[in-house]
Amino acid sequence: MFVKKLVEKASKKGGGYGSDGLKSSDVDPRVVFHYGIPSGSNMFAYDSIQKILALSTKDGRIKLFGKDNSQALLQANDALPSKFLQFLDNQGILLNVTSNNCIEVWDIDNKILSHVHAFQQDITYFTVIQRSLFIYVGDSMGNVSVLKIEKEPYHIVPTNYTIPFPISHGSSTEVSDTNAVMHISPQPMAESKRVLIIFRDGLIVLWDIQESKSIFTTGGNMLQSLYNEAKKVTSACWACPFGSKVVVGYYNGEIFIWSIPSNPNSRSELASDSGAQNAPICKLNVVYKLNKTPIASLKWAYADGKASRLYVMGDSNFESENSLQVILLNEHAESRTIKLGLHLPEPCIDMEIISRSSEQSKHKQNLFLSLGKSGHIYAYDDSSIEKYLLQCQSRSTSTLPKEVMVKMPYADSSITVAKFITDNPCLLSFADEDYIQLAKSHPPLLSMETKQSAAHFNGFSKVKNLYITGHSNGAINFWDVSSPSFIPIFSLKQQSEDDFSLSGIALTALFFDGKSRLLISGDQSGMVRVYIFKPEPYAVESSFLSLQGSAKKGNNHIIHSIKLIKINGSVLCMNISHNSRNLAVGSDQGYVSVIDIEGLTLLYQKHFASELCTGIISLKFQTCILHGFEKNVIAVATKDSSVLAIDSDTGNILSTSTVHPKKPSRALFMHVLDGQDMSNRGANPLNSIDSSKGNHTEDSMPKQLLLLLCSEKAAYIYSFMHVMQGVKKVIYKKKFQFSCCWASTFSSSSDVGLILLFTNGRIEIRSLPELSLLKETSVRGFTYSTSKPNSLSNSSVCSSSEGDIVMVNGDQEVYVVSVLFQKKIFGPLDFINQIYQKDLMITQEEIVSGCVIQKEKKKGLFSSVIKDITGSKAKPVPNMEKENARESIEELSTIFSTANFPLDTEDKDNVTINNQDEDEVELDIDDIDVEVGAEKPKEQNMLAALKKQNLANKFQAIKGKLKHMKTKNEKSSFKEEQQDEMAGTVDQIKKRYGFSKSGNEVSAAKIAENKLQDNVKRLQGISLRASDMQDTARSFSSLAKQVLQTEQDRKGS
């Protein structure tokens, strides 16, 4: 029997699907637009010139917010969290470092992933050199690599320039967790000349890029000797516009300020800094030290000296009441610490300062954003923080800044039920330019405005896509979704003719009919309200229409009448009969109530007991033929997946039993399919219905009815005629691999289809009635939270008749999904997705605010001076020269294109060795210095240690050749000495040293001979050095073997 059914199904599908039915080519499920804050956000990045905020998530998505309410969502194939996220300001490039140390290069203009570069080491710090295409990458081994971004298309290529750990740090190559690079930052005003490198062990190194050497060091082991404890660095930032002070945060919660020479070429500055490099010049008194909370992040905001601020964020994994603190850094910072603790509802994991301006006021506003551990964003007016700190400093009355949690415009109360109407049949003409202007004038999502003004509303005929939401506080909101922005147009809070206040009771059901101007709502208390709107167009009214308080003119403006009726239990579903104008209402207590809308009278109320759950989840009016007569019935579905049919006129059940699966599960959706839609699609499955029951009439009827029931575990297709008889006859069935949370049908020009949404964000499109899979996709980041008993879910899903889905995820984000192929829900999408502005005119103010500040005023940061702990006098502000950006980039390109520490290449200008002909050896060693007594710089010693194994082998190869040359030179010299001794005269002695007898002519041959003798001595020194280095290499190799053997023995034990 099972095989027979499979054969029948295959023949009916005709090689996949019906020839005239819904095909896979008809559907293309995809996310059309994402609106709001993505769930699972974990990191900020900001382009200060383009004013673009990027927000990465734990599942590999990146949300972009630009000017004029523009938004875009980027999504890579790998769902990995971000470690680092940074823009190349004003260049349309966003770099994302994932947890597996891959660097993603995003083209912001085209919103595509251009390249993924796999880095071989564990990346511990990552930063770009602004106004260039170069990147510094620090790893856990302590090395710093330089990468470059090439264009057309954007891709990353490694450069030859590196900063090895032994040379920059000055230590051996021993592997340790303290070797990691924790901070890299080009020095302000000298970005192309010097870069600051801070290691985990606390060592601070100022590196000269061109000279490839460290020119200043501080911190490190000195800290342990001063404070009798090792201090591990966790974060750092500059605290000076010209790069003379750096703030460093440590694992134990301490924060130090160190002095850095801003002009190392000046001997006076290096001399003055030499005394300060043994200790920090300032120690900030903050609460993190008491709790031993690691400093997770530091951010410095320059504000013309007096109001410069340091934003400090503690580690979110440590309990602390003040996870965020703001410290005022000015001339009074040493004597008295002025700070502000920002008390957030949850721990903070990232922070950023952005600039925003509205289209209407053009007023620039700086916002301080903090990202909570839950993914919520909290915004502060940065000017209020500055004002508070200055008032505290002057000991005047101050007001604490207030945070605003960034929410969707509907988020005053959660959405409990929604309706989505697309392609409004009553729509009048409305130009795309009008929608663009309307979206741009709407307040931005990231702003301090808690209440958003609504667009002028003069009727539903001007709205292409209408979104209606019922809320937990009893309000009903209407939104214009003709453009991707959710623009509020109308809010209904009136409860009755006399009650204009919110009920506070969550709405659970909505019905809207634009043609009949009818809105019906049902709530948890069982109250059903019927709103009848006045004919359009409406009179001109101002602002957001809120029908509350004493504003009865709003009632006269929109609402014609409001009627109320109470039923038993919480309202779960509603359906209206367009023939009889009766309303059927189902409740969670198993009651089906039929109401006359015109008189709003209760016709009857029936209770249907269920075996497991009594809730009525769906009701459908239907006209069918029963025993040769036309019959008006109501199909009823309960929560436990039972279905039955009742007489719509009397409420009497048509059968003695219900139809339900063997293993009941929570029902989600029911729909009655008209068999006439499938009448021309091969064999009708209803022909197999047993006619012994006396239902011969239905076989001759061209119109056959099927009932679709979807539950969390499966979808069923029943014969509606069998349902009316209480007979279980499953025509088609499909079990789900995942738990389904929502289902609905949609219609196309050819047929109807089924949409299934699963709790993991998976969407399936299936044909009807076969339930064959046509297409599938997955909405990353959407998770449906299963509601607990007697509670409402945080997620809301609804769809239009054409399969356009609105998925609300909590109070932060909305997905708009389209199902049909080439179906356009919105008008123009280019303006809302246009994040990057190619033709942006950069003002001098924006350039300066980015990172380039030429001079600091005399009363600037710490009065432009900070007295060190020992009480030394203040030092004046250095005069900094402004770098030429173009020349600096060209200079960097030249430097980075050359290997500064070539480990495996030879210097062909000095030594060339031909292995094929050992006799041909060319040496030029005039520049070789083999003074044994001279002390070499640390960098040269570290370089020797780094290359000793390779160099030892090479010098060994040279050693034999040098000995051969040395023997020949010694023989030639000995012969000359014998001849000179035989002469025994002064002239012969002069001749020996290369002078002529007269003393006026110089013997070139003798000069060359003397030079050769000097070279022989130098070669002897090189030979000795090579031998020493070879011995050292052997010792190092032996030590490494001993360490390896010890580790193997430890693991074996």
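- Identification of the protein chain as Lethal giant larvae (Lgl)-like C-terminal domain-containing protein from Rhamnella rubrinervis is taken from an unreviewed UniProt entry.

1. Focus on the overall build of the protein chain
1) Next: When helices and strands are tallied, the protein chain shows 16 helices and 57 strands.
2) Next: Burial statistics for the protein chain: of 1053 residues in total, 52% are counted as buried.
3) Next: Across the protein chain, every contact between residues at least 6 apart in sequence was considered, and the portion connecting residues at least 24 apart equals 59%.

2. Some words on the pattern of salt bridges
1) Next: Under the defined criterion, the tally for this structure stands at 19 salt bridges.
2) Next: Across the pair Glu-352 and Lys-299 runs a salt bridge whose closest N-O atoms are separated by 3.6 Å. Placement of Glu-352 in strand S26 (residues 348–357) and of Lys-299 in strand S22 (residues 295–301) is noted, with a sequence separation of 53 residues between them.
3) Next: Assessed through its relative accessible area of 21%, Lys-299 is described here as partly exposed.
4) Next: Glu-764 serves as the salt-bridge partner of Arg-762, at 2.9 Å between the closest nitrogen and oxygen.
5) Next: By sharing partners, the salt bridges in this structure join Lys-231, Glu-254, Lys-283 and Lys-289 into a single network.

3. What about the pairing of strand S50 (residues 752–758)?
1) Next: By the criterion of burial, S50 is predominantly enclosed, with seven of the seven residues buried.
2) Next: Residues Val-752, Leu-754, Leu-756 and Phe-758 point to one face of S50 and Gly-753, Ile-755 and Leu-757 to the other, with burial holding for every one of them.
3) Next: In this antiparallel pair of consecutive strands, strand S49 (residues 740–747) and S50, the connection spans four residues.
4) Next: Where S50 lies against strand S51 (residues 762–767), five bridges are found, and the strand directions are antiparallel. Residue Leu-757 lies in a different strand from S51, and its bridge partner there is Ile-763.
5) Next: Hairpin connection, S50 to S51: the antiparallel pair is bridged by three residues, and Gly-761 has positive phi, about 90 degrees.

4. Regarding the sheet that holds strand S47 (residues 714–719)
1) Next: The strand order across the open sheet built from four strands is S45-S46-S47-S48, with neighbouring strands paired in antiparallel fashion. On the outer flanks of this sheet lie strand S45 (667–674) and strand S48 (730–735), each paired with one strand and no other. If you compare each strand with its neighbour and ignore which way they point, the axes differ by 15 degrees on average.
2) Next: For S45 and strand S46 (residues 705–711), the ladder comprises seven bridges, and the chain directions are antiparallel. Bridge pairing in S46 places Met-670 opposite Leu-709.

5. Here's the deal with unusual backbone geometry
1) Next: Of note, the amide linkage connecting Glu-152 to Pro-153 takes the cis form, showing an omega dihedral of -15 degrees.
2) Next: With respect to the element layout, Pro-153 can be found in the loop between strand S12 (144–150) and strand S13 (155–163).
3) Next: Phi is positive for Asn-90, close to 65 degrees, though the residue is something other than glycine.
4) Next: Relative to the assigned elements, Asn-90 resides in the loop between strand S6 (82–88) and strand S7 (93–98).

6. Brief notes about the sheet that holds strand S21 (residues 282–284)
1) Next: On the basis of which strands lie adjacent, the open sheet formed by four strands has the order S18-S19-S20-S21 and antiparallel pairing. The open sheet terminates on both sides in strands that have one partner only, identified here as strand S18 (233–238) and S21. Here the strands of the sheet are splayed against their neighbours by 25 degrees on average, with no regard to which way each runs.
2) Next: Of the pairings in the sheet, the one linking strand S19 (residues 245–250) to strand S20 (residues 255–259) comprises five bridges and is antiparallel in character. Each residue of the ladder has a partner; that of Val-248, found in S20, is Phe-256.

7. Looking at the environment of Ile-576
1) Next: Here Ile-576 is to be found in strand S38 (residues 571–576).
2) Next: Setting aside residues up to four positions removed in sequence, Ile-576 forms contacts with Phe-511, Leu-518, Arg-581, Asn-582, Leu-583, Ile-597 and Phe-621.

8. Details of helix H6 (residues 382–393)
1) Next: The end-to-end C-alpha distance of H6 is 17 Å, a good match for the 16 Å that twelve residues give at a rise of 1.5 Å each.
2) Next: Those residues of H6 that sit buried are Asp-382, Ile-385, Tyr-388, Leu-389, Gln-391 and Cys-392.
3) Next: Once H6 finishes, Arg-395 follows within two positions and takes phi at roughly 60 degrees, a positive value.

9. Quick word on the environment of Glu-152
1) Next: For Glu-152, the location among the structural elements is in the loop between S12 and S13.
2) Next: Residue class for Glu-152 comes out exposed when judged on its relative accessible area of 78%.
3) Next: On a C-alpha basis, the gap between Glu-152 and Ser-114 in space is 9.3 Å, while along the polypeptide they are 38 residues apart.

10. Notes on the environment of Pro-294
1) Next: Summarising the element assignment, Pro-294 is placed in the loop between helix H5 (288–291) and S22.
2) Next: A residue is classified by how much of its surface remains accessible, and Pro-294, at 2% relative accessible area, is buried.
3) Next: With 41 residues separating them in the primary sequence, Pro-294 and Gly-253 have C-alpha atoms 4.7 Å apart.
4) Next: Apart from residues lying up to four places away in sequence, Pro-294 is in contact with Thr-234, Tyr-250, Tyr-251, Gly-253, Met-313, Gly-314, Asp-315 and Phe-318.

11. Observations concerning a positive patch on the surface
1) Next: A cluster of like positive charges, contributed by Lys-662, Lys-663, Lys-713, Lys-728, Lys-733 and Lys-735, occupies part of the molecular surface.
2) Next: A relative accessible area of 55% means that Lys-713 is categorised as exposed.

12. Looking at the nonpolar core
1) Next: Counting residues in each nonpolar core, the largest one holds 41 residues, and the members touching the most others are Leu-95, Phe-126, Ile-135, Tyr-136, Ile-149 and Phe-896.
2) Next: Setting aside residues no more than four positions away along its own chain, Phe-126 makes contact with Phe-84, Gln-86, Leu-95, Val-97, Ile-103, Ile-135, Tyr-136 and Val-137.
3) Next: One finds Ala-635, Val-659, Leu-709 and Met-724 within the second-largest nonpolar core, a separate group that totals 22 residues.

13. Re the pairing of strand S52 (residues 773–778)
1) Next: The pairing of S51 with S52 spans five bridges and is classified as antiparallel. Within S52, the position partnered with Arg-766 by the bridge is Leu-773.
2) Next: Hairpin connection of S51 to S52: five residues between the antiparallel strands, including Leu-771 at a positive phi of 65 degrees.

14. Topic: the side chain of Arg-762
1) Next: Along the chain, Arg-762 turns up in strand S51.
2) Next: There is a polar contact of 2.9 Å between the side chain of Arg-762 and the side chain of Glu-764.
3) Next: Once residues lying within four places of it in the same chain are set aside, the contact partners of Arg-762 are Phe-738, Leu-756, Leu-757, Glu-776, Thr-777 and Ser-778.

15. Describing the packing of aromatic side chains
The geometry of two aromatic rings is summed up by the distance between their centres and the angle between their planes.
1) Next: Inspection of the entire model under this criterion finds 26 aromatic pairs.
2) Next: For the pair Tyr-311 and Phe-368, a centre-to-centre distance of 4.5 Å together with 20 degrees between the ring planes defines the contact as stacked. With Tyr-311 in strand S23 (residues 309–314) and Phe-368 in strand S27 (residues 364–372), this pair connects stretches of sequence that are 57 residues apart.
3) Next: The exposure class assigned to Phe-368 is buried, which follows from its relative accessible area of 0%.
4) Next: When the ring of Tyr-467 is compared with that of Phe-486, the centres are 5.6 Å apart and the planes differ by 85 degrees; the resulting orientation is edge-to-face. Note that Tyr-467 is positioned in strand S31 (residues 466–471) and Phe-486 in the loop between strand S32 (476–480) and strand S33 (487–492), a separation of 19 residues in sequence.
5) Next: The class of Phe-486 is buried, set by a relative accessible area of 2%.

16. Some remarks on the confidence of the model for the protein chain
Do not read the predicted coordinates in detail wherever pLDDT is low.
1) Next: Residue-level pLDDT values for the protein chain average 78, and 71% of them are 70 or greater.
2) Next: In this model, residues 540–555 is a region of pLDDT below 50 whose contacts with residues beyond four sequence positions or in other chains number 33 contacts.

17. Observations concerning the side chain of Gln-71
1) Next: If you trace the backbone, Gln-71 turns up in strand S5 (residues 71–75).
2) Next: The class of Gln-71 is buried, set by a relative accessible area of 3%.
3) Next: Polar side-chain contacts of Gln-71 include one of 2.7 Å to the side chain of Lys-63.
4) Next: Apart from the residues lying within four places of it in its own chain, the contact partners of Gln-71 are Phe-33, His-34, Tyr-35, Gly-36, Lys-63, Leu-64, Phe-65, Leu-445, Ile-832, Asn-833 and Ile-835.

Cut-off values and rules
Each residue is numbered by its place in its chain's sequence as written, counting from 1. Only residues with pLDDT of 70 or above have their local features reported here, since the model is predicted, and side-chain atom pairs are shown and tallied only from 80 upward, although totals for entire chains, interfaces and linings are computed over all residues. As a rule here, side-chain values cover all heavy atoms of the structure and leave hydrogens and water aside. What counts as a helix is a DSSP run of H or I of at least four residues, what counts as a strand is a run of E of at least two, and both are numbered from the N terminus. Burial here depends on accessible area, computed with a 1.4 Å probe over protein chains only, as a share of the maximum for the residue type. Under 20% is buried, over 50% is exposed, and the range in between is partly exposed. By definition, residues are in contact when any of their heavy atoms lie within 4.5 Å. The term salt bridge refers to a side-chain nitrogen of Lys or Arg lying within 4 Å of a carboxyl oxygen of Asp or Glu. At least two DSSP bridges between two strands are needed for those strands to be called paired. Helix axes are fitted only over the stretch in contact, all axes being lines through C-alpha atoms; the angle between N-to-C directions runs from 0 to 180 degrees. Helix span, as expected, comes to 1.5 Å for every residue beyond the first. Patch definition: residues with relative accessible area over 30% and no salt bridge; like charges joined within 9 Å; nonpolar side chains (Val, Leu, Ile, Met, Phe, Trp, Tyr) joined within 5 Å. Per-residue and other accessible areas follow the Shrake-Rupley method at a 1.4 Å probe size, with only the shown protein chains counted as cover for residues. His is not counted, nor are the chain ends, whereas Lys and Arg count as positive and Asp and Glu as negative. To locate a charge, the coordinates of NZ of Lys, CZ of Arg, CG of Asp or CD of Glu are taken. Side-chain atoms within 4.5 Å are what join buried Ala, Val, Leu, Ile, Met, Phe, Trp, Tyr and Cys residues into a set we call a nonpolar core. Whenever two N or O atoms come within 3.5 Å, that pair is a polar contact, provided that in protein one can donate a hydrogen and the other can accept it, and provided that, for residues adjacent in sequence, both atoms are side-chain atoms. Whether two aromatic rings pair depends on their centres lying within 6.5 Å, for rings of Phe, Tyr and Trp, where Trp uses its six-membered ring; planes under 30 degrees apart make the pair stacked, over 60 edge-to-face, and the rest tilted. Per-residue confidence from the predictor is reported as pLDDT, a score between 0 and 100.

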